[in-house]
Structures are given as C-alpha cells and as structure tokens.
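Chain by chain, the residues:
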Amino acid sequence: MSNIVDLCKRVALIPLTAVTENPNYKYQKIALALKNTDDFPAIAAEFQIPETLLREQFDAGFDIPSYRFKRDGAFFKWLVDNKATFKGMSWLDVGADFGCVSAYISAIIESTDMKLCDIAIRPKHNFEIRQFDGKSLDYEDKSFDIVLFSFVLHHASSSTIQLLKDARRISRKHMFVLEDPKETAQDDIWGYYHDKSGVFRSLKEWRSLFDLLGFDIAAEQALSPEVHSRHFFHLVRRDDS
Ligand SMILES: C[S@@+](CC[C@H](N)C(=O)[O-])C[C@H]1O[C@@H](n2cnc3c(N)ncnc32)[C@H](O)[C@@H]1O
C-alpha cells in the first residue's frame, strides 16, 4: 500500500518539474516532505545501520534517511560490501554540515575515529565540527585513512584544487568523493539553481583532475540519477596504489 502511495506522490511531482523545466531544489524539498519513514527497518537491514540512528537523524531534523539512502544508496552499499577494507579506519569529513554522512559511515565501518570541518557550523549537529575557511586543510601529513567530500567540492569553486591537493597530503591512502557531475541538460539547470557561484564539472573533467593531482580511481559508480546526475569516486593516492 505504501508503495502505491509513494508512486502516486512521485507521479504528482512530474508535472510540477516539467512545467517549469526547472529541477530546482525546492521541488526536491517537496518530494522530501512527502516521504514517510516506513522504510527505516529495510534501510537499517540493508545498510547495517541501527534503525535508532536513522530515527534520531530524522527526528532531530538533520536528515531524511529515506531520501538519502534512495539517492546515495549505491555509495553506502559499496561501503558495506567493502567493510573488511575500511573497518576501524579514521576519516576527515570536509563540508560535514550536520554530520549525518559521518554518523552512517561510523555505524558501517565500526569506527568513531573521525574529524569534521565545515565553513559554517549549524546550531545543532552530530559530533564536534571545526569551522575553517574552506580554502585549505591545515591537518598534519597522512593524518587520516580517508578524506571525504560528500557533495562539497562544487561549492568550493576556485578552492577545489587546493582542497584536493591538501586532501592528498593529509590522507594516508583513500579519498571518497560524492559529486553532482555536469553531464546532461538537466544537470546544467540544476547546478545553476543549486549554487550560482559553484563550479560543476563533467565526469571527464573530474577524472582528469584526480589523475593530475595524483589519485588513481579505484572504484566509481553512478548514484541515483533522480532529477540530476550524481556520482561516487573511491580514489587512492597514486604512490600507495
Ligand atoms: C550539500 S551540503 C553537503 C553536506 C554533507 N557533506 C552531506 O553530504 O550531507 C554542502 C556542504 O559543503 C559546505 N561547504 C561549502 N563550501 C565549502 C568549502 N569551500 N569547504 C568545505 N565545505 C564547504 C557547506 O557549508 C555545506 O555544509
């Protein structure tokens, strides 16, 4: 029954988006508001995350797990499938916002060894978050197993390359990047409305940039293409690959 209701809600959203030809964030927000929480048990089971954590994030207003795991499920599933590699590792979450992604990663890889930073700090959030200038990462060389950028780099615009150089310096080996690539006409429109001063790049350009900066792509995967393209990269420092 809930599947039929969900389908009806989704169908109702199509003309809204089509009329304006603007897959703007506000329409995503309508979709989010229409979501329910019936699928928390299924998400918890599939992604090895306690249902209580999903509920906490939702109740605190930090996240909408039904949307997050539908959208970025391929990333979290990949992490579950590769848990043996990443179990117990440390990470830096750059542009952590509420810290939800780190809360989920923490549950999956069974580690609380993390640091979070962002250019702006929310009044309420998960974990301690350090405010920084968004231009460079002044952490010690090789101080984290993983550096994570989850839908952040396009906002960094002209600081993106410096952040990636720093990420390579401070990571012992891994980097996870989730991005909104510029691949389709919808992506062009979405990027424009999402952040007018952001820099959105094609997958080809991201791959070239990672290569130029000394990363090998160990894995990459398209995430849910609802409204616009999304992509996940697992990068490895070239000297360690
Ligand atoms: C779309 S949110 C993503 C939040 C979180 N990483 C996630 O996936 O849920 C983008 C975040 O990037 C942060 N941000 C914007 N510019 C940044 C920069 N130059 N360096 C670090 N974070 C930045 C914003 O403050 C915001 O928290």
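Residues numbered from 1 in each chain as written. Predicted model: local features only at pLDDT ≥ 70, side-chain atom pairs only at ≥ 80, totals over all residues.

### What to know about the overall build of the chain
For the chain, the count of helices and strands is 12 helices and 7 strands. Within the chain, buried positions represent 33% of all 241 residues. Restricting to contacts in the chain with at least 6 residues of sequence separation, those with at least 24 account for 61%. (Helix = DSSP H or I, 4+ residues; strand = E, 2+ residues; numbered from the N terminus. Buried ≥ 20, exposed ≤ 12 C-beta atoms within 10 Å, placed from the backbone. Contact = placed C-beta atoms within 7 Å.)

### Description of the packing of helix H3 (residues 40-47) against helix H4 (residues 51-59)
Two elements in contact, H3 and H4, have axes whose closest approach is 8 Å; the angle formed by their N-to-C orientations is 125°. Taken together, the axes of H3 and H4 lie oblique to each other. For the pair H3 and H4, the sense of crossing is right-handed. On the side of H3, the interface is formed by Phe40, Pro41, Ile43 and Ala44, while H4 contributes Glu51, Leu54 and Arg55. (Axes fitted to C-alpha atoms, helices over the stretch in contact; angles between N-to-C directions. Parallel < 35°, antiparallel > 145°, perpendicular 65-115°, else oblique. Left-handed = near helix turned anticlockwise from the far one by under 90°.)

### Looking at the environment of Val152
Following the sequence through the fold, Val152 ends up in the loop between strand E4 (144-150) and helix H9 (153-156). On the neighbour-count criterion, Val152 (21 C-beta atoms within 10 Å) is buried. Through-space distance from the C-alpha of Val152 to that of Gly95 is 5.9 Å; in sequence the pair is 57 residues apart. Discounting residues that sit within four places of it in the chain, Val152 has contacts with Val94 and Gly95.

### Concerning the sheet that holds strand E1 (residues 91-94)
Pairing is mixed across the open sheet formed by 7 strands, whose spatial order is E3-E2-E1-E4-E5-E7-E6. Here the strands that pair on one side only, and so sit at the sheet edges, are strand E3 (129-131) and strand E6 (215-222). Neighbour-to-neighbour, the strand axes of the sheet open up by a mean angle of 20°, direction not taken into account. Here 3 bridges tie strand E2 (residues 114-118) to E3, and the two strands are oriented parallel to one another. In the sheet register, Asp118 faces E3, and the bridge partner there is Gln131. (Pairing = 2+ DSSP bridges.)

### Here's the deal with the site of the ligand
As a matter of local geometry, the ligand sits amid 16 residues, with Gly95, Asp97, Gly134, Ser150 and His155 nearest to it. Elements that contribute at least two residues to the shell around the ligand include exactly helix H8 (100-109) and H9. (Near = placed C-beta within 6 Å.)

### Let's talk about helix H11 (residues 185-194)
Every α-helix winds through 3.6 residues per turn, so residues three or four apart in the chain are directed the same way. For H11, the full list of buried residues reads Asp187, Trp190 and Gly191. Considered in projection along H11, the buried side chains sweep an arc of 100° and stay on one side of the axis. For H11, exposure combined with an orientation more than 90 degrees from the buried face picks out Ala185, Asp188 and Tyr193. (Arc of directions from axis to C-beta.)

### Here's the deal with the packing of helix H6 (residues 73-81) against H8
Where H6 contacts H8, the two axes come as close as 9 Å, and the packing angle between them is 25°. When the interaxial angle is binned, H6 and H8 end up roughly parallel. For the element pair H6 and H8, the recorded crossing hand is right-handed. Each of Phe76, Leu79 and Val80 in H6 lies in contact with H8, whose residues at this interface are Tyr104, Ile105, Ile108 and Ile109. Grouping the amino acids of the contact of H6 with H8 by side-chain chemistry returns 7 nonpolar, no polar and no charged. (Nonpolar A, V, L, I, M, F, W, Y, C, P; charged D, E, K, R; others polar.)

### Things to note about the nonpolar core
Soluble, globular proteins show a tendency: their nonpolar side chains are buried together. Judged by nonpolar contacts, the single largest core of 45 residues is most densely connected at Trp91, Val94, Val147, Leu148 and Met175. Looking at which element gives the most residues to this core, the answer is H8, with 6 residues. (Core = buried A, V, L, I, M, F, W, Y, C linked by C-beta atoms within 7 Å.)

### Points about the pairing of E2
Most of E2 sits out of view: 4 of its 5 residues are buried. Of the strand pairs in this sheet, E1 and E2 are connected by 4 bridges, and their pairing is parallel. Each residue of the ladder has a partner; that of Trp91, found in E2, is Met114. What joins E1 to E2 is H8, and the crossover it makes is right-handed. (Right-handed = clockwise from strand over helix to strand, strands pointing away.)

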